[in-house]
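So the chains spell out like this:
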Amino acid sequence: MNTHDPNMRPTIRQLDDASINRIAAGEVVERPASAVKELVENAIDAGARRVGIEIADGGKTLIRVTDDGCGMTADDLPLALSRHATSKIDGSDLLDIHSFGFRGEALPSLGAVARLTLQSRAKGHEAVELSVDGGHRGIAKPCALNGGTVVTLRDLFFATPARLKFLRTDRAEMQAISDTIKRLAMAEPSIGFTLRDVSGGNDRVTFRVEPEQGDLFDALRGRLARVMGSEFAENSLAIDAEREGFRLTGYAALPTYSRGTSVAQHLFVNGRPVRDKTLIGALRGAYQDFLSRDRHPAVALFVDCDPHKVDVNVHPAKSEVRFRDPGVVRGLIVTSLRHALANAGHRASTTVADATLNALRPEQVGPLGHTPQPPHQQRVYQMDRPSLGARQASYAAQAPADFQPAPAYPAQHSGFAELGGSYSGRVVEPEAPQEPREDIIRKPLGAARGQVHENYIIAQTETGMVIVDQHAAHERLVYEKLKKQMAENGVAAQALLIPDVIDLSHDEAQRLLAVADDLSRMGLTVEAFGNGAIAVRETPAILGEVDSQGLIRDILDELDDLGESQLVQEKIEAILSRVACHGSIRSGRIMRAEEMNALLREMEATPHSGQCNHGRPTYVELRLTDIERLFGRS
């Protein structure tokens, strides 16, 4: 794109301050959400306990941020609107960053492309106001304000009309602003946030959270429940681990609580929301054995370290960071998440049961011309139930002549216990002595009571019932055994009679050889072959015939995209998964009671048995109270 006339010598010019600020605004302020982010971060840095945000027309006509922070004096306001003037660093060490902002560019940049008004009052000083209109600064004057700071931004990008053409609809811009506030709210549980939409003279609260109380994890859990939903809080695992000066805290959801996109992945470094390839790649690696490629885990993870171990000044919007030792961070995330998931054992998300109950719940249809009653007004039926003696007499009268009823359950058990002497469906009685019935029922997955459609095991627990997919559950158990054997014995490699020589660029060859030891542990042996070429001498035996060139190219693509490659391991584990599928109990097989109970006990003892190899649940647990509610019992 060279339009320079070779007959003319270009002249270097010093740009004026207005142009400089507009250029800086183009880097820092991409859309209204960017402006909101900068202003709210300033409020947090000022020590605010409550921050209010008012938005009109998606932030295009009005953005107002009000805080109760320390405020500014009349001498501070003009400096706050000057480029590279900040109270957050002294310039002696640009890596010692303990605040959100530090460049001193946001306010002057916003003032260059919009109409900006600053009102502030520091403790012991009078309130003062200063305005900037398209880069033209006004005169400071007194104003009425109790304390803190109010920043009002009107007509964003009026000074650069071309930028307005690239903005999306008001609804889309408002959603982006809401997402920005929610991420900052997760990072600061001790601060209250209120977001209002004041478009068209209305005043509608679209998001509000109060300051959370309690210790680190209690406050964070409460805030995440309000931002990401109570289902996430119920189905997530607390993470707290440390390695070589890096600490990882937060919550990670169970694999069965996964999403179709990465929208529920929230990563923070020293309290700053970021999108970092190292962190995203580590997250993917931690869950790769539990989720298919089209599913994404939900997490809120916080990496904290000495500011000198991470550079936050590598992106204009500070949304990316660079770690001094990314390998340590990646290892910390992968190890911590896998350890937490393993400790979760057979646990599956409660949303599986909720979805099942919703599917079973009958649709409420009112009489013709009448609106169905709200749930809290719907009638609860108290059905007349015959006495225990009457039911047993009735069952005995209908039973075959040679039928011997099973011993009744003790009286203290309710629900299914009252039907202890009955039978229905295909219930298989144990052929060999087992644990006492009471002890089995107390197990997490209970005691097998029957099998339906030769695929689903029905088990009774102390608090309800469990439905197990026998094929999916046993497939996971076999898969875990195969992985354990591979970890103990290593990956068998097959030597190529004639090594495959692959021509690469010098940089590509160096990137590949840097991870040669990791590849060798997975059965793929590569060596340098001179002039950028590499030789593939061994491939994993379990993969059979391998397209070496295609495999190497795919590995390089992953290295370039994520900084590491799990491709070989994923291919091997995919083979193990298929082997497990073929070697597991098939659907349609009739199982004896002792076999069903043995499967339940093995599930309880095996990590990750709550989901199959693709992240789908292997069992559904239904509480007795929920089942009774389905039938109108209360």
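Residues numbered from 1 in each chain as written. Predicted model: local features only at pLDDT ≥ 70, side-chain atom pairs only at ≥ 80, totals over all residues. Heavy atoms only, no water.

Peer 1: Help me understand the sheet that holds strand 24 (residues 534-540), please; the structure alone is not making it clear to me.
Peer 2: Strands pair in a sheet through their backbones, by hydrogen bonds, and they do so in one of two ways: parallel or antiparallel. In space, the three strands of this open sheet follow the order 22-24-23, with antiparallel pairing throughout. With one partner strand each, in any of the chains shown, strand 22 (493-502) and strand 23 (525-528) form the two edges of the open sheet. Strand after strand, the sheet turns through a mean of 20 degrees between neighbouring axes, direction not considered. Where strand 22 lies against strand 24, six bridges are found, and the strand directions are antiparallel. Bridge pairing in strand 24 places Ile502 opposite Ile534. (Pairing = 2+ DSSP bridges. Helix = DSSP H or I, 4+ residues; strand = E, 2+ residues; numbered from the N terminus. Axes fitted to C-alpha atoms, helices over the stretch in contact; angles between N-to-C directions.)

Peer 1: It is not clear to me how the packing of helix 6 (residues 170-187) against helix 7 (residues 216-227) should be interpreted in this structure. Could you clarify?
Peer 2: Helix-helix packing is described using two parameters, namely the angle between the two axes and the distance between the axes. The interhelical angle for the contact between helix 6 and helix 7, taken along N-to-C directions, is 165 degrees, at an axis separation of 9 Å. Classified by the interaxial angle, the pair formed by helix 6 and helix 7 is roughly antiparallel. Along this stretch, helix 6 crosses helix 7, giving a crossing that reads as left-handed. Each of Lys182, Ala185 and Met186 in helix 6 lies in contact with helix 7, whose residues at this interface are Leu220, Arg223, Leu224 and Val227. In terms of residue class, the contact of helix 6 with helix 7 is built from five nonpolar, no polar and two charged. (Parallel < 35°, antiparallel > 145°, perpendicular 65-115°, else oblique. Left-handed = near helix turned anticlockwise from the far one by under 90°. Contact = heavy atoms within 4.5 Å. Nonpolar A, V, L, I, M, F, W, Y, C, P; charged D, E, K, R; others polar.)

Peer 1: Explain helix 9 (residues 277-287) to me, please; I cannot follow it from the model alone.
Peer 2: Counting along an α-helix, one turn takes 3.6 residues, and residues three or four places apart therefore face a common direction. Turning to helix 9, its buried residues are Leu279, Gly281, Ala282, Leu283, Gly285, Ala286 and Tyr287. Capping of helix 9 at its N-terminal end is provided by Asp276; its side-chain oxygen lies 3.0 Å from the backbone amide nitrogen of Thr278. (Buried < 20%, exposed > 50% of the residue type's maximum accessible area, 1.4 Å probe, protein only. Polar contact = N/O pair within 3.5 Å; in protein donor to acceptor, adjacent residues only side chain to side chain.)

Peer 1: I would appreciate a short explanation of the nonpolar core in the present structure.
Peer 2: A general tendency of soluble globular proteins is for nonpolar side chains to be buried together. Among the nonpolar cores identified, the biggest contains 60 residues, and Val40, Val51, Ile53 and Phe193 are the most heavily contacted of them. Counting residues per element, this core draws most heavily on helix 6, at eight residues. When sequence neighbours within four positions are dropped, the list of residues in contact with Phe193 reads Val40, Ile44, Val51, Ile181, Leu184, Ala185, Glu188, Phe207, Arg208, Val209 and Arg223. Residues Leu254, Tyr287, Leu291 and Val312 belong to the second largest nonpolar core, which totals 35 residues. (Core = buried A, V, L, I, M, F, W, Y, C linked by side-chain atoms within 4.5 Å.)

Peer 1: What is the right way to read the confidence of the model for the protein from this model?
Peer 2: Regions with low pLDDT carry predicted coordinates that are not meant to be interpreted in detail. On average, residues of the protein carry a pLDDT of 81, and 78% of them reach 70 or more. Per-residue pLDDT stays below 50 along residues 365-386; that stretch engages in 16 contacts with residues further than four places along the chain or on separate chains. Counted against residues more than four places away or in other chains, residues 397-403, with its pLDDT under 50, gives four contacts. (pLDDT = per-residue confidence, 0-100.)

Peer 1: Would you mind going over the packing of aromatic side chains with me for this structure?
Peer 2: Describing an aromatic ring pair means giving the distance of the ring centres and the angle of the ring planes. Counted according to the given criterion, the structure contains four aromatic pairs. Geometrically, the ring pair formed by Phe217 and Tyr251 is edge-to-face, given 6.0 Å between the ring centres and 75 degrees between the ring planes. Note that Phe217 is positioned in helix 7 and Tyr251 in strand 11 (residues 246-253), a separation of 34 residues in sequence. According to the relative accessible area criterion, Tyr251 is buried, its value standing at 6%. Note on Phe246 and Phe323: the rings are 6.1 Å apart at their centroids and 70 degrees apart in plane angle, and the pair reads as edge-to-face. Here Phe246 is found in strand 11, whereas its partner Phe323 is found in strand 18 (residues 322-323), with 77 residues between them in sequence. For the pair shown, Phe246 and Phe323 are each scored as buried. In this structure, Arg115 is placed above the aromatic ring of Phe158, and the distance from its NZ or CZ to the ring centre is 3.8 Å. (Phe/Tyr/Trp six-rings, centres within 6.5 Å; stacked < 30°, edge-to-face > 60°. Lys NZ or Arg CZ within 6 Å of the ring centre and 35° of its normal.)

Peer 1: Would you mind showing me how to read the pattern of salt bridges here?
Peer 2: Here the idea is simple: oppositely charged side chains can pair when their charged atoms come close. Across all of its chains, the model carries 26 salt bridges by this definition. Its salt-bridge partner being Glu173, residue Arg31 comes within 3.0 Å of it at the nearest N-O pair. Note that Arg31 is positioned in the loop between helix 1 (17-28) and helix 2 (32-45) and Glu173 in helix 6, a separation of 142 residues in sequence. Since its relative accessible area comes to 1%, Glu173 is described here as buried. (Salt bridge = Lys/Arg side-chain N within 4 Å of Asp/Glu carboxyl O.)

Peer 1: Quick question: what am I supposed to make of a negative patch on the surface here?
Peer 2: A contiguous patch of negative charge, built from Glu545, Asp547, Asp554, Asp557, Asp560 and Asp561, is present on the exposed surface. Relative to the assigned elements, Asp554 resides in helix 17 (residues 548-562). (Patch = residues over 30% accessible without salt bridge, like charges linked within 9 Å, V, L, I, M, F, W, Y side chains within 5 Å. Areas by Shrake-Rupley, 256 points an atom, 1.4 Å probe, with all protein chains shown as cover. Lys, Arg positive; Asp, Glu negative; His and termini not counted. Charge placed at Lys NZ, Arg CZ, Asp CG, Glu CD.)

Peer 1: What is the right way to read the environment of Val151 from this model?
Peer 2: Within the secondary structure, Val151 sits in strand 7 (residues 148-154). For Val151, a relative accessible area of 8% puts it in the buried group. Filtering out sequence-adjacent residues up to four positions away, Val151 remains in contact with Leu39, Ile63, Arg64, Val65, Leu116, Thr117 and Leu118.

Peer 1: Can you help me understand the sheet that holds strand 19 (residues 447-452) in this one?
Peer 2: In space, the four strands of this open sheet follow the order 19-20-21-25, with antiparallel pairing throughout. With one partner strand each, in any of the chains shown, strand 19 and strand 25 (619-623) form the two edges of the open sheet. Within this sheet the neighbouring strands show an average axis-to-axis angle of 20 degrees, counted without direction. The sheet contact formed by strand 21 (residues 464-469) and strand 25 spans five bridges and is antiparallel. Within strand 25, the position partnered with Gly464 by the bridge is Arg623. Across the sheet, helix 14 (residues 470-489) lies against strand 19, strand 20 (456-460) and strand 21, angled at about 70 degrees from strand 21, the strand it touches most. Contacts from helix 19 (residues 593-605) reach strand 19, strand 20, strand 21 and strand 25 within the one sheet, and its direction differs from that of strand 19 by about 115 degrees.

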